Amino acid sequence: MTTTPMAPLVPSFVQNSWWTPSDPDGGTSVLDANTGEPLATVNSDGLDLAAVVEYGRTVGQRELGKLSLHERALKLKELAQFLNERREELYEISYRTGATKIDSMVDIDGGIGVLFTFSSKGRRELPNSNVILDGPMEVLSRDGSFAGEHIYTRIPGVAAQINAFNFPVWGMLEKFAPAFIAGVPTIAKPATPTGYVAEAMVRLMVESGILPAGSIQLISGSARTLLDVLDYRDMLSFTGSASTASALKSHKNVIDGGVRFTAETDSLNAAILGPDAVTGTPEFEAFVKAVTTEMTSKAGQKCTAIRRNIVPAALVDDVVKAVGERLDARVVIGDPRAEGVTMGALASLEQLRDVRGAVEEMIAAGGEIAYGTLDAPVVRTMGGEEKTVDAGAFMSPLILTWDDVENQAVHSREAFGPVSSVIGYTDLDDAIHLAAMGAGSLVATVCTNDADTARILTTGIASHHGRVHMLNRETARSSTGHGSPVPHLVHGGPGRAGGGEELGGIRSVKHHMQRTAIQGSPNMLTAVTGVWHTGADRVIAGDPEFGAVAGAIHPFRKSLAELKIGDAYASPLRKVSLEEITAFANETGDTFYAHTDRAAAEANPFFPGIVAHGYLLVSWAAGLFVQPAPGPVLANYGLENLRFITPVPDGDSIRVTLTAKKITPRVTDEYGEVAWDAVINNQDGEIVATYDVLTLVEKEDTTYAN
Ligand code: NDP
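The structure presented is a predicted model; accordingly, all values stated were derived computationally and were not measured.

A. Broad picture of the overall build of the chain. The number of helices and strands found in the chain is 20 helices and 31 strands. Principal axes of the C-alpha set define a box for the chain whose edges measure 90 × 65 × 50 Å. Summarising the internal contacts of the chain: among those between residues at least 6 apart in sequence, 75% fall at separations of at least 24. The average position of the 58 basic charges and that of the 86 acidic charges among the side chains of the chain differ by 4 Å.

B. Representation of the site of the ligand in the model. Taken together, the neighbourhood of the ligand is formed by 24 residues, with Asn163, Thr192, Ser241, Thr244 and Glu414 sitting nearest. The contact in question runs from an oxygen atom of the ligand to an N or O atom on the side chain of glutamate 414, over 2.7 Å. Expressed as a share of its isolated accessible area of 890 Å², the protein-covered part of the ligand is 83%. Secondary structure elements with two or more residues in the shell around the ligand: strand 11 (235–240), helix 7 (242–249) and strand 12 (260–265). Per-element tally for the shell around the ligand: the top contributor is strand 11, with three residues.

C. Molecular detail of a negative patch on the surface. Taken together, the side chains of Glu368, Asp403, Asp404 and Glu406 present a region of like negative charge at the surface. With respect to the helices and strands, the residue aspartate 403 is situated in the loop between strand 18 (398–402) and helix 12 (408–412). A relative accessible area of 71% means that aspartate 403 is categorised as exposed.

D. Representation of the sheet that holds strand 21 (residues 465–471) within the structure. The strand order 15-18-19-14-13-20-21 describes an open sheet built from seven strands, whose pairing is mixed. The sheet is open, and its two edges are formed by strand 15 (367–371) and strand 21, each paired on a single side. Taking the axes of each pair of neighbouring strands and ignoring which way they run, one obtains an average angle of 25° across the sheet. In terms of strand pairing, strand 20 (residues 441–447) meets strand 21 through six bridges, oriented parallel. Across the sheet, residue valine 446 finds its bridge partner in strand 21, namely methionine 470. In the packing of helix 10 (residues 316–330) onto the sheet, the strands contacted are strand 13 (269–273), strand 14 (306–312), strand 15, strand 18 and strand 19 (419–425), and the crossing angle to strand 18 comes to about 170°.

E. How the structure looks around the environment of glutamate 580. Considering the arrangement of structural elements, one finds glutamate 580 in helix 17 (residues 578–588). Considering only alpha carbons, one finds glutamate 580 and arginine 598, 18 residues apart in sequence, at a separation of 15 Å. Discounting residues that sit within four places of it in the chain, glutamate 580 has contacts with Arg574, Lys575, Leu616 and Trp620.

F. Local environment of the packing of helix 2 (residues 69–84) against helix 5 (residues 170–182). Two numbers describe how helix 2 lies on helix 5: the axes approach to 8 Å, and their chain directions differ by 145°. For the pair helix 2 and helix 5, the contacting residues are Leu69, Arg72, Ala73, Lys75, Leu76 and Leu79 in the first and Phe176, Ala177, Phe180, Ile181 and Ala182 in the second. The residue inventory of the contact of helix 2 with helix 5, partitioned by class, reads nine nonpolar, no polar and two charged.

G. Quick look at empty space enclosed by the protein. Counted by the stated rule, this structure contains five cavities of 30 Å³ or more. When its volume is computed, the largest cavity comes out at roughly 100 Å³. Lining the largest cavity we find 14 residues, and of these Leu31, Ala347, Ser348, Leu349 and Glu350 sit closest to its centre. Listed by contribution, the elements that provide at least two residues to the lining of the largest cavity are strand 4 (28–31) and helix 11 (349–365). For the lining of the largest cavity, a count of residues per class yields nine nonpolar, three polar and two charged. In this structure, the second largest cavity encloses a volume near 80 Å³. For the second largest cavity, the full set of lining residues is Asn163, Ala164, Asn166, Phe167, Trp170, Gly171, Glu174, Lys175, Thr239, Glu264 and Cys303. Per-element accounting of the lining of the second largest cavity gives the leading share, four residues, to helix 5.

H. Just the pattern of salt bridges, in detail. The final tally for this structure, using the stated rule, is 29 salt bridges. For arginine 62, the salt bridge identified is with glutamate 63, shortest N-O distance 3.1 Å. Residue arginine 62 is classed as partly exposed on the basis of its relative accessible area of 49%. Notably, a salt bridge pairs lysine 121 with glutamate 125, separated by 2.9 Å at the nearest N-O pair.

I. Spatial organisation of unusual backbone geometry. In this structure, asparagine 16 takes a positive phi of about 70° despite not being glycine. When you line up the elements, asparagine 16 lands in the loop between strand 2 (12–14) and strand 3 (17–19). We note that asparagine 641 has phi near 55°; this positive angle belongs to a residue other than glycine. Position of asparagine 641 relative to the elements: it lies in strand 28 (residues 633–644).

So, how was this worked out
- Residues numbered from 1 in each chain as written.
- Predicted model: local features only at pLDDT ≥ 70, side-chain atom pairs only at ≥ 80, totals over all residues.
- Heavy atoms only, no water.
- Helix = DSSP H or I, 4+ residues; strand = E, 2+ residues; numbered from the N terminus.
- Contact = heavy atoms within 4.5 Å.
- Lys, Arg positive; Asp, Glu negative; His and termini not counted.
- Charge placed at Lys NZ, Arg CZ, Asp CG, Glu CD.
- Near = heavy atom within 4 Å.
- Polar contact = N/O pair within 3.5 Å; in protein donor to acceptor, adjacent residues only side chain to side chain.
- Areas by Shrake-Rupley, 256 points an atom, 1.4 Å probe, with all protein chains shown as cover.
- Patch = residues over 30% accessible without salt bridge, like charges linked within 9 Å, V, L, I, M, F, W, Y side chains within 5 Å.
- Salt bridge = Lys/Arg side-chain N within 4 Å of Asp/Glu carboxyl O.
- Buried < 20%, exposed > 50% of the residue type's maximum accessible area, 1.4 Å probe, protein only.
- Pairing = 2+ DSSP bridges.
- Axes fitted to C-alpha atoms, helices over the stretch in contact; angles between N-to-C directions.
- Nonpolar A, V, L, I, M, F, W, Y, C, P; charged D, E, K, R; others polar.
- 1 Å grid on protein atoms, 1.4 Å probe; cavity = no way out; pocket = protein on both sides within 12 Å on 5 of 7 lines; lining within 4 Å.
- Points joined across faces, edges and corners; volume = space filled by probe spheres on them.

Here's what the structure looks like:
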């Protein structure tokens, strides 16, 4: 990067409009990674970061707060569909970063995929409200009038996100998606060398018109003082180098000001080859394939790439040879726009210098190049010519080997490019020890077809890693790969990897929320959470002996427009006879002795004698609460948390009480989900069984009205 005013300026998007500095001179010039030609200038001089943050905290919070978790999740799907149609224009821009088509797909399609996944998980796993319950209610008084529980609500500030250069789209969207669902406005700050790709993506996001004002702001250029204007209401998620993470973590606003800080930094990820996975096995082949993929995908500029291959000492030469042969056969270095190129340039000339410098340091420390060269490689140019070029940031893949496998340099010096080391271990304990020398990593692969080896290695290294990927012949074809974080699973790792946690499904939405313990009466807990709590008021229809209100309508006759949490139905008592138990046993074949053999049942410490089947009780309960005529209840789609508590011998009676507990209208359908709290009691009021009945109920009653 050099200073030049020539190239077009990459704008920021702040306070709902595009912004460039008033002084057109200055800024940092960004070059095409393949040709070295100036592409763009990035300059944030004069940008009022305090105003950007304030806009997020006010307008962004307000506009996002008008929507529920489900409504925001649905918007992510609409956005993903919009962006999906426009990927080609992003690929064109992405080539300039040195990314091949496949690299760009990992970044762009991968980023859009994160939006789809979070949209669907958000609507399936979260309530359609803005309060998320965390765990069950804890009763804190003898009479049940005082209780407590935990809730999540969104943080009141902004989600500031400082991203790395290697995945300008995925890196931004994987942070944006969970923040957006949580209802927290994003301020994205991409890395300067590839920020123009992030800007192109934000431009499309804005053009879509799908996002509420303040959902996303973009800072193109440096944001060195961003932390100065953040406080305890905000969070900062960082991806990049360990040294920047350390500088940010030590900022007074993190230490004293309470800014929530999470980091995902470079780490020395390992792949361990099991002793069983010798040459010729499917595991050896899968391992070699994984290593070459991780070295060459994105030219090795992945925080998850395999830096250390820890293999049985006797297999070091075999692994180096096999990986080298595969690299020879598969890798064509060059301009990603040229036909047949499989590995592009590094993202910038600075990056090339850094990687070469790191390799030189590793060699000085004892590493030896076993494959590849530090000389400029022959590359395929855009015109299809094969030659060495001065301008682009191209580099040959390199394999290093080490005589001393404990050499600190192999475990701590990261060359953030197509560079990987192969080191030998003596036994599984040694392999675990070597993997742990990375001092905390994002991911490790354990490659073995031996279940014991997989267990020993995985449990041995798990606490040093954020993710462990087990590879064998069963997963060789289906695995999403060592280096690909998936939105469903945690991305991040301890120690050197930054100590942060991203993704991991709904966990990452909760990272943008505060967990608060709340205490009060069941009525107040119900009012705050929108979920009916045992002990709270209800309007009961049905049996007056159980407190039913005269004239109250059975809740199964109510559409979502009429149904309220706390609407309940109490059935009359129903007597249980031995004949019915015997008939159920014979009909179903469930002739377990507790239902058929009085002497054996009486000898069982849990039963007073012959007892009704639990499933018979649940079936009777359905018969007791059903409203058979067509109505707004469309279907019963399951039971949750079923527990049988008190046995029911013949001669006892049961009743069921059903209370509308949680109502979740679906944003995309004409119906919603209702969870009913179901309790079966006996004639003495003892609890026989508890469970939740899950139903689908129309928003407006169409069937019953006919
Ligand atoms: P940096 O840590 O220098 O930069 C990462 C991001 O932080 C960029 O957006 C950068 O902005 C920003 N930044 C840097 N300093 C500050 C600061 N003081 N205040 C606020 N923001 C700041 O990493 P690089 O991109 O230069 O990459 C260097 C190394 O980091 C790589 O060689 C690799 O080892 C590692 N890395 C790790 C990644 C991961 O995913 N964990 C990804 C990429 C790199 P700007 O660009 O404007 O300076």
